[in-house]
Amino acid sequence: MNPERLVFTDTPAFIPVPAALQHRKVEVILWPLDDEPVPEVNPAAAWSDFFNQFSRQVDDATPCAREELYADRLR
């Protein structure tokens with residue numbers, strides 16, 4: 001067994017997996033090496049921001065009926 005240790009000074013959103021460990025049964029442990037407090041996130045605000053990103057209301061201020069949004073799927 002040859003374990004691979006990766007240390008990131010600034011963790012990316014996605015962590016690359018070394019080629020030698022791809023398509024194998026592995027264990028991944030994420031262990032923070034600093035004691036900085038994690039900023040608190042208001043779940044309601046986070047959900048609202050997420051919803052607003054994908055809401056039709058953001059791109060187009062004119063409201064429409066739900067059937068109009070899914071007209072192509074209802075045919």
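Residues numbered from 1 in each chain as written. Predicted model: local features only at pLDDT ≥ 70, side-chain atom pairs only at ≥ 80, totals over all residues. Heavy atoms only, no water.

### Focus: the overall build of the chain
- Within the chain, the regular secondary structure consists of four helices and zero strands.
- Across the chain, helices and strands are ordered from the amino to the carboxyl terminus as α-α-α-α.
- Looking at the chain as a whole, 1% of its 75 residues are labelled buried.
- Total accessible area computed for the chain in this model is approximately 8,100 Å², and 56% of it derives from carbon and sulfur atoms. (Helix = DSSP H or I, 4+ residues; strand = E, 2+ residues; numbered from the N terminus. Buried < 20%, exposed > 50% of the residue type's maximum accessible area, 1.4 Å probe, protein only. Areas by Shrake-Rupley, 256 points an atom, 1.4 Å probe, with all protein chains shown as cover.)

### Concerning a nonpolar patch on the surface
- Among the surface-exposed residues, L6, F8, I15, V26, V28 and L30 lie close enough to one another that they form a single nonpolar patch of about 560 Å² accessible area.
- Residue position: F8 is located in the segment before α1 (43-54). (Patch = residues over 30% accessible without salt bridge, like charges linked within 9 Å, V, L, I, M, F, W, Y side chains within 5 Å. Salt bridge = Lys/Arg side-chain N within 4 Å of Asp/Glu carboxyl O.)

### Quick look at unusual backbone geometry
- We note that H23 has phi near 60°; this positive angle belongs to a residue other than glycine.
- Looking at the element boundaries, H23 is found in the segment before α1.
- According to the relative accessible area criterion, H23 is exposed, its value standing at 83%.

### Structural notes on the confidence of the model for the chain
- Here the chain averages 75 in pLDDT, while 73% of its residues score no lower than 70.
- For the chain, per-element mean pLDDT is lowest for helix α2 (residues 56-59), which scores 53, and highest for α1, which scores 72. (pLDDT = per-residue confidence, 0-100.)

### Notes on the environment of P16
- Relative to the helices and strands, P16 is located in the segment before α1.
- Along the primary structure P16 and L6 are separated by 10 residues, whereas in three dimensions their C-alpha atoms are 9.5 Å apart.
- P16 has contacts with L6 and F8, leaving out every residue within four places of it along the chain. (Contact = heavy atoms within 4.5 Å.)

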